[in-house]
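# Report on the structure
Residue-level listing of the chains:
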Amino acid sequence: MDLRLLRYFLAVAEELHFGRAAARLHMRQPPLSRAIKNLETDLGTRLFDRTPAGVTLTPAGAVLVDEARSLLEAAERIRARIAALSGPVTMTVGMLGDGIAPGSHRLVEAFRRRHPHVEIRVRESDLTDPTCGLAAGRVDVALTRGPFDETGLHVTQLRSDPVAALLRADDPLAGRPHLTLADLDDRSWFRFPDTTDTHWSAYWSGGRQRSGPLVRAVTECRQAVLWNGTVGMTPMDHEPDTGLAMVPLLDMPQSPVVVAHSKGDASPFVRSFMDIVIAAFRQ
C-alpha cells in the first residue's frame, strides 16, 4: 500500500476538509482529491462522504484511520531501526530565544517515546537569526517566528500572535487602549543589526527605517525600553517586565509562529519532529 496516499488520507481525515488538508500538505486541492479517489479505487470502497459543508468519514474510513496510523508508525520505526545500525543518530533543533514553545516538556516526552535512541541538541538563536541556523545549515529543524527569507525552506505556520508596542509603564502612550504605527513615528526604536534577515527587520520596524539602539536578544529589547524610553514591538503573548507596558497595535499583521526544515531534508526524524510540534500547537 502506498504510504504517501495514507499520509494524504490521514490529513483529510484529521482536517475533515480537503482545502485545509491540501494547505497542510503544501499541495493543491485537485491532486489531493485525485489521490484520495485512487486510494478509494484501490480499496474498493468510499472512505469519505462528501457534502457542501465538508467531508465525514465513512465506517470504512474510520477503520482506515487507525490502520493507517499504525502502518505509518511502523514505517517510521523501520526507518529508525535501519538508521540506528549506522551509529548514533543526532538531530539539532533550532529555537528562537523568545520562549515560543508551548509546554516544551510535551514535545520532549512525545519525541522520546517515538525515538528514544535519537540524541537531540538544541541551539538557541538570538533575534538576529530568525531561521535559528537553519538557513546556514547549522540545525536540522527550527521552531521560530516569521517572517524571514524562506528560500530553500519548507515552512509550516503553527499559529499567529497579535503584536503590541512595548513602552515604559510611565510613557504617555502606555495608558491608551491601542496605538497605530504612526503614533510611534517620532520615537527612538530598538532595531536589529544590518546583517539581520531583511524580511524580519522590516517587519519588526513596521516597514520603515528607524533610529535607535541595536539589540540582539529579548532582554536587550526590554532593557533598551526600560533604561532609555526607547520603543519597539513585541508579540502580545509575552509578559512585560516590571516597569514596562504593552499596547496593542491596530495596523500590524500578526506575528507567525512556524516550524521549518530544509526542502531537501527527507529525514524521518525531522518529519516526526514536525508532526509532534504541529500536534502540540493544535492542543
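Now for a quick tour of the structure. (Residues numbered from 1 in each chain as written. Predicted model: local features only at pLDDT ≥ 70, side-chain atom pairs only at ≥ 80, totals over all residues. Heavy atoms only, no water.)

## Here we look at the sheet that holds strand β5 (residues 141-145)
Rules: DSSP-based pairing: two strands are paired if at least 2 bridges between them are found. Under the DSSP-based scheme used, a helix requires at least four consecutive residues in state H or I and a strand at least two consecutive residues in state E, with every element numbered from the N terminus. The angle between two axes is taken between their N-to-C directions and runs from 0 to 180 degrees, where each axis is a line fitted to C-alpha atoms and a helix contributes only its stretch in contact.
If you trace the five strands from one edge of the open sheet to the other, you get β4-β3-β5-β10-β6, paired in mixed fashion. Since the sheet does not close on itself, it has two edges, and those belong to β4 (118-125) and β6 (153-161), each with one partner. On average, each strand axis in the sheet is tilted by 15° relative to the strand beside it, whichever way the strands run. As judged from the three bridges shared by strand β3 (residues 89-96) and β5, these two strands associate in the parallel manner.

## A word on the environment of L184
This is how it is decided: Residues are treated as being in contact if the distance between any of their heavy atoms lies within 4.5 Å.
Along the chain, the position of L184 falls in the loop between β7 (163-168) and α6 (198-204). It is 9.1 Å that separates the C-alpha atoms of L184 and L173, two residues lying 11 residues apart in sequence. Apart from the residues within four sequence positions on either side, L184 is in contact with A165, L167, L173, L179, W189, R210 and L249.

## Things to note about the environment of S201
Note that S201 resides in helix α6. Excluding anything up to four places from it in sequence, S201 contacts F192, P193 and T196.

## A few points about the packing of aromatic side chains
We count it as follows: Think of it this way: a Phe, Tyr or Trp ring, Trp meaning its six-membered ring, pairs with another when their centres are within 6.5 Å, and the plane angle makes it stacked under 30 degrees, edge-to-face over 60, tilted otherwise. A positively charged side chain is recorded as over a ring if its NZ (Lys) or CZ (Arg) lies within 6 Å of the ring centre. The angle to the ring normal must also be within 35 degrees.
If you walk through the whole model with that rule in mind, you get six aromatic pairs. Between Y203 and W204 the ring centres are 4.8 Å apart and the planes differ by 85°, which places this aromatic pair in the edge-to-face class. Pairwise contacts between aromatic rings join F192, W200, Y203 and W204 into one cluster. The aromatic ring of W189 is capped on one face by R210, whose charged end is 4.0 Å from the ring centroid.

## A closer look at the nonpolar core
Applied cut-off: Take the buried Ala, Val, Leu, Ile, Met, Phe, Trp, Tyr and Cys residues and link them wherever side-chain atoms come within 4.5 Å; each set so joined is a nonpolar core. Using a 1.4 Å probe on the protein chains alone, a residue whose accessible area is under 20% of its type maximum counts as buried, one over 50% counts as exposed, and one in between counts as partly exposed.
Formed by 38 residues in total, the largest nonpolar core has its most connected members in L167, L179, L184, M233 and L249. Every element with two or more residues in this core is listed here: β6, β7, α6, α7 (218-228), β9 (244-248) and β10 (255-262). Among all residues touching L167, those that are not within four sequence positions of it are L173, A174, L179, L184, V225, V231, G243, L244, A245 and V247. Residues F9, V55, L64 and L72 belong to the second largest nonpolar core, which totals 22 residues.

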